[in-house]
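Structural overview for review
The primary structure of each chain is shown beneath.
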Amino acid sequence: MHGDGTGAGSNTGSRGALGSALRGAAVLAAVAAVAAAALLSVLRPLSLAMPGSGLDPSWIAVLGEAAVRHARWGVDLAFTYGPASALVTRYFTDGYLASALPFLVGVALVDALALVCLARAAAAGRRFGGALIAVAVAAEVAALAAELALDQDSFYFALALALLLLDLVRRPGQRLPLAAVLLGAALLGAAGLAKTSYGVVALGVFAVADARRLLELRRPPVLVPVALAAALAAFLACGQRPGDLPAYLDLQGQVAAGYGEAMYLPPGRWELGLFLCCAAGLIAVAGIAGTPGRWGRVAAALGTAFVLALSVKAGFVRADTHTQIAWSLLGLAGVAVAVGLVLPRSAGGAALLGACSLAVLWVVGPLFFLAATERAPRLAALPEVYRDMGAVLRAERGAWAGFLRDPSAFAAAARAAKAAAWAGIRDAQPLPPLAGSVDMLPSDQSALLANGLDYRPRPSFQDYSTYSAGLIGANAAFYAGPRAPDWVIFDAGALDDRHPNTTEGALWPDLLRRYEPQRRVGPGIALRRRPLPLPDVLGDAIPRDAKLGARVAVPVPGPVFARVTVQKTLLGRLASALFRPPALSLQLTLADGGERTYRFVPAIAAAGFLLSPLVEDADGFADLAFGHGAEAGAGEVKALTVGGSPWTRFFYDPDVEIAFYPVAVAAAPPSAEAAPLAAELAHAQAWRKLARAIDAGAPMDGDRLSVPAPTALTVPVAGARRLRVAFGIADGAWTDGKTQGVCFALRASPGAAPLWRRCLEPRTVAADRGPQSAEIALPPGLATVTAETDCVADCSWGWSYWSDIASAE
């Protein structure tokens, strides 16, 4: 009997050990599946970003290279992203694989562990519990797979919510869930150094968890201190100075505060409403299905509401493809709530919520993505999105295969690819050597880095994001201080229908005083710091009081700088914090009777900008700097109106304060280095004046008068015996379009035999591409000539222009 009992006990123990091992293996398999989905679909750490030209590639390169060079965030730089930006941008540097890759693998594992722990807690003691866990894991893998090629913000927001839910449902003494929550809090706190919004969502959600811990469990807060400690450690690990932390937090807050007013793009008519209805439903489910106890249900509802509210601002302020942040988070949050809160109460309810969440991720979100990218939002078009997602997945999977096979070879190939990318930018955008430090107002700083110039960025280095008083002040202090650059490459232009002169508009008076235009650099002009600044260019203020919607005359002719102050009401300040107030507009009346309407950004307008004339290119700014303000720009402004929809009166004070400042740049002979440019611009002034006189309605692009064929212009030529003409067809007409060519001619009168004629066919004749010129002898006694453009065969893509018509004598 004794022997039989011992044998039965041994068998039972063996079966128990085997079952425990199998359960452990199942947990590991589930964690591995979810972590792999997060790595391959969302974080994609080996889909490396290389340098590129343009707006977004430039800020990615600036941040990536600044981190390597230990720039000081809050002092040297301020942007939405922080010193650990490579965790999100995946910008490759020599230290990327050693630092970012382990961190991102850790994030993926914590996300997987949180989901698996939620599923285990939900299925504990239930029939078919193992199957329920498997279904929950499969749903999460499918949810993460939908994130391919989209923004990572929704993943980090959803991770914060999942950690909150796990903290709510875990039982005391459970070590694995506790470890997941604490490690997740630390990783999310550190991730806030990659992008500020990740830190904000982490602190908000963990504050909810700690409040519930304090009020219900009577235990001290844990998660917020862990997240803050990790954030501070990450700040120091990124080479930042402890004393810079207040400045860093201040400017990062400035970036967030001004985002709504400055960067908005309106959503579709009913997209935001549909999202808010779905979000409200999910918040209600979280509150009803929350853990037993009042504080558990409140915490579940508040945490869900907080992450979804942040997603509204992240996704619908700038409602282009950014709306995918909101839709993706809605789907991921729905899966987390279904597994963590609904499944313990109702498998059917969890299945319904999970299916709806996956439909949001795989159908609803992609349909709105199609609409945002100007494609037909049809179900039949979804395979097109899925094919793009598949290509992204294959690229990341192939990168992992190469990395695991030979990490050293993978790193060497990445370094070679980066060097080739820099070389490609240099070939496409060659810049001359400039002795000294350089800043750049157009946001194409990759060209500076690629050409090896000593780039010294102002703190808010992307002009379109300098939209709050603090950021504007930081840039002004930089240019007024000892770190100001020796050179500034300047070009005009503005994003999102802003007044062109508001691109770093508050800096223009200092640029006019302290810098001299010296040479052309690509489409811009290089300004060199003067040995001695000129006198102040702004005259005495001429104040005017106005009302929203009221027209205000500009009190003086010539160049005028203006500061326009509109104050928010309490409701306006609240709207700015939560989302954004209604948009304001700036309507200008020009001297020729035309009108222009621009976006009005209150902080930019209050700091000041050159109101008149409109300066739409670098030449206009150079004319101002050389003291030729009357001839600068594309049009003199005679009146302005700040207005908006009827709703604006609830969000803004109706009183508008305006201060006008006459602009006068002291006459100073150009330096020897600047003399050729000054002479060129003096000649161009005569052409621009003539161009406005012969056809005030035709747009000027730099020195080009756009005259799409067919056109006929009457040009005064009294006293001239020879004319010099410059003309051409815009490159896009033959590179992107299919122009059949344009003929240019001068006639003594309409219908007369041509005095000169030249036909250009750039698609087939290489010599006809780019700017052209000619000199023409005129018969005596002509007062005017007719300058014509006509089509060779088809007028489609007849993008012709004149860039000069002047006496050659």
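All values derive from a computational prediction rather than experimental measurement. (Residues numbered from 1 in each chain as written. Predicted model: local features only at pLDDT ≥ 70, side-chain atom pairs only at ≥ 80, totals over all residues. Heavy atoms only, no water.)

Here we come to the overall build of the protein. The helix and strand inventory of the protein stands at 25 helices and 22 strands. If you line up the protein on its principal axes, its C-alpha atoms span 135 × 60 × 50 Å. Out of the 809 residues in the protein, the part that is buried amounts to 52%. Here the protein has roughly 33,700 Å² of accessible surface; of this, 61% comes from carbon and sulfur atoms. (Helix = DSSP H or I, 4+ residues; strand = E, 2+ residues; numbered from the N terminus. Buried < 20%, exposed > 50% of the residue type's maximum accessible area, 1.4 Å probe, protein only. Areas by Shrake-Rupley, 256 points an atom, 1.4 Å probe, with all protein chains shown as cover.)

Moving on, we come to the environment of alanine 289. Here alanine 289 lies in helix H11 (residues 271–289). The exposure class of alanine 289 is buried, given its relative accessible area of 9%. Between the C-alpha atom of alanine 289 and that of leucine 341, which follows or precedes it by 52 residues, the distance is 5.5 Å. The contacts of alanine 289, once residues within four sequence positions are left out, are Leu341, Val342 and Arg345. (Contact = heavy atoms within 4.5 Å.)

Here we take up the pairing of strand S19 (residues 754–760). With six bridges connecting them, strand S18 (residues 742–747) and S19 associate as antiparallel partners. From the neighbouring strand, valine 742 faces S19, where its bridge partner is leucine 760. In this antiparallel pair of consecutive strands, S18 and S19, the connection spans six residues, and glycine 751 shows a positive phi of 90°. (Pairing = 2+ DSSP bridges.)

Turning our attention to a nonpolar patch on the surface. There is a patch of nonpolar side chains on the surface, built from Leu571, Leu574, Leu578, Trp647 and Phe650 and spanning about 550 Å² of accessible area. Among the structural elements, phenylalanine 650 can be located in helix H23 (residues 648–651). (Patch = residues over 30% accessible without salt bridge, like charges linked within 9 Å, V, L, I, M, F, W, Y side chains within 5 Å. Salt bridge = Lys/Arg side-chain N within 4 Å of Asp/Glu carboxyl O.)

Let us look at the packing of helix H6 (residues 153–169) against helix H13 (residues 323–342). Running from N to C, H6 and H13 cross one another at 20°; their axes reach a closest spacing of 9 Å. Between H6 and H13, the angle falls in the class roughly parallel. Relative to H13, H6 is oriented so that their crossing is right-handed. Contacts from Asp153, Ser154, Phe155, Phe157, Ala158, Leu161, Leu165 and Val169 of H6 reach H13 at Ile325, Ser328, Leu329, Leu332, Ala333, Ala336, Val337, Gly340 and Leu341. Classifying every residue of the contact of H6 with H13 by side-chain character gives 13 nonpolar, three polar and one charged. (Axes fitted to C-alpha atoms, helices over the stretch in contact; angles between N-to-C directions. Parallel < 35°, antiparallel > 145°, perpendicular 65-115°, else oblique. Left-handed = near helix turned anticlockwise from the far one by under 90°. Nonpolar A, V, L, I, M, F, W, Y, C, P; charged D, E, K, R; others polar.)

Turning our eyes to something else, we now look at the sheet that holds strand S4 (residues 515–521). Ordered in space as S2-S1-S3-S5-S4, the five strands form an open sheet in which the pairing is mixed. In this open sheet, the two strands that pair with only one neighbour each are strand S2 (454–455) and S4. Bridge count for strand S1 (residues 437–440) against S2 is two bridges, and the pairing is parallel. Following the sheet pairing, valine 438 is matched in S2 by tyrosine 455. Each of S4 and strand S5 (524–529) touches helix H24 (residues 675–694); the most contacted strand, S4, lies at about 80° to it.

Going through the model one piece at a time under the given rule, you end up with two disulfides. Across the disulfide from cysteine 791 sits cysteine 795; the S-S distance is 1.6 Å. Note on the cysteine 791 and cysteine 795 pair: the S-S dihedral is about 95°, so by sign convention the disulfide is right-handed. Cysteine pairing for the protein (bonded cysteines numbered in sequence order): 1-2, 3-4. In this structure cysteine 278 is not part of a disulfide, and its nearest cysteine sulfur, from cysteine 277, lies 6.8 Å away. (Disulfide = S-S within 2.5 Å.)

Under the defined criterion, the tally for this structure stands at 26 aromatic pairs. Taking 5.7 Å as the distance between ring centres and 65° as the angle between the ring planes, the aromatic pair formed by tryptophan 270 and phenylalanine 368 counts as edge-to-face. Remark: phenylalanine 368 occurs in helix H14 (residues 347–372) and tryptophan 270 occurs in the loop between helix H10 (245–263) and H11; sequence separation between them is 98 residues. Judged by relative accessible area, tryptophan 270 falls into the exposed class, the value being 57%. A residue is classified by how much of its surface remains accessible, and phenylalanine 368, at 13% relative accessible area, is buried. Between tyrosine 479 and tyrosine 515 the ring centres are 6.2 Å apart and the planes differ by 70°, which places this aromatic pair in the edge-to-face class. Here tyrosine 515 lies in strand S4 and tyrosine 479 lies in helix H18 (residues 469–480), a separation of 36 residues in the sequence. Of the residues examined, tyrosine 515 reaches a relative accessible area of 2% and is grouped as buried. Of the aromatic side chains, those joined through ring pairs into one cluster are Trp270, Phe275, Phe316, Trp327 and Phe368. Seen from the ring of tyrosine 264, arginine 599 lies directly overhead, with NZ or CZ sitting 3.7 Å from the centre. Here the basic side chain of arginine 769 rests over the ring of tryptophan 734, its NZ or CZ set 4.3 Å away from the ring centre. (Phe/Tyr/Trp six-rings, centres within 6.5 Å; stacked < 30°, edge-to-face > 60°. Lys NZ or Arg CZ within 6 Å of the ring centre and 35° of its normal.)

Grouped together as the largest cluster of nonpolar side chains are 158 residues, with contacts concentrated most on Leu97, Tyr156, Phe206 and Phe275. It is helix H4 (residues 96–123) that contributes the most residues to this core, 19 residues altogether. Once you skip the residues sitting within four places of it in the chain, phenylalanine 206 turns out to touch Ala160, Leu163, Ala185, Leu188, Leu223, Val224 and Ala227. With 34 residues, the next largest nonpolar core counts Ala492, Leu511, Ala659 and Leu677 among its residues. (Core = buried A, V, L, I, M, F, W, Y, C linked by side-chain atoms within 4.5 Å.)

Here we come to the sheet that holds strand S10 (residues 595–600). Ordered in space as S7-S12-S9-S10, the four strands form an open sheet in which the pairing is antiparallel. Here the strands that pair on one side only, and so sit at the sheet edges, are strand S7 (551–553) and S10. If you compare each strand with its neighbour and ignore which way they point, the axes differ by 25° on average. Across seven bridges, the pairing between strand S9 (residues 584–590) and strand S12 (residues 637–644) is antiparallel. Counterpart to leucine 584 in the pairing with S12 is glycine 644.

Taking 1.5 Å of rise per residue, the 22 residues of helix H16 (residues 407–428) would be expected to cover 32 Å, and the 32 Å separating its terminal C-alpha atoms lies within 8% of that figure. Those residues of H16 that are buried lie in contact with helix H2 (55–68), H4, helix H15 (382–405) and helix H17 (446–450). (Expected span 1.5 Å × (residues − 1).)

Quick look at the environment of lysine 547 now. Considering the arrangement of structural elements, one finds lysine 547 in strand S6 (residues 542–547). Judged by its relative accessible area of 45%, lysine 547 is partly exposed. For the pair lysine 547 and glutamate 657, spaced 110 residues apart in sequence, the C-alpha to C-alpha distance is 8.4 Å. Setting aside its immediate chain neighbours within four residues, lysine 547 contacts Val642, Pro654, Asp655 and Val656. There is a polar contact of 2.3 Å between the side chain of lysine 547 and the side chain of aspartate 655. (Polar contact = N/O pair within 3.5 Å; in protein donor to acceptor, adjacent residues only side chain to side chain.)

Our next topic: helix H22 (residues 618–625). With respect to burial, H22 is a largely interior element, eight of its eight residues being buried. Taken as a whole, H22 has its buried residues at Ala618, Asp619, Gly620, Phe621, Ala622, Asp623, Leu624 and Ala625. Summarising the contacts, the buried residues of H22 are in contact with strand S3 (487–490), helix H19 (508–514), S4, S5, strand S11 (609–612) and H24. Where H22 starts, the residue carrying a side-chain oxygen 3.2 Å from the main-chain nitrogen of aspartate 619 turns out to be aspartate 617. One or two positions beyond H22, positive phi appears at glycine 627, with a value near 85°.

By themselves, these figures tell us nothing about what the structure is for.
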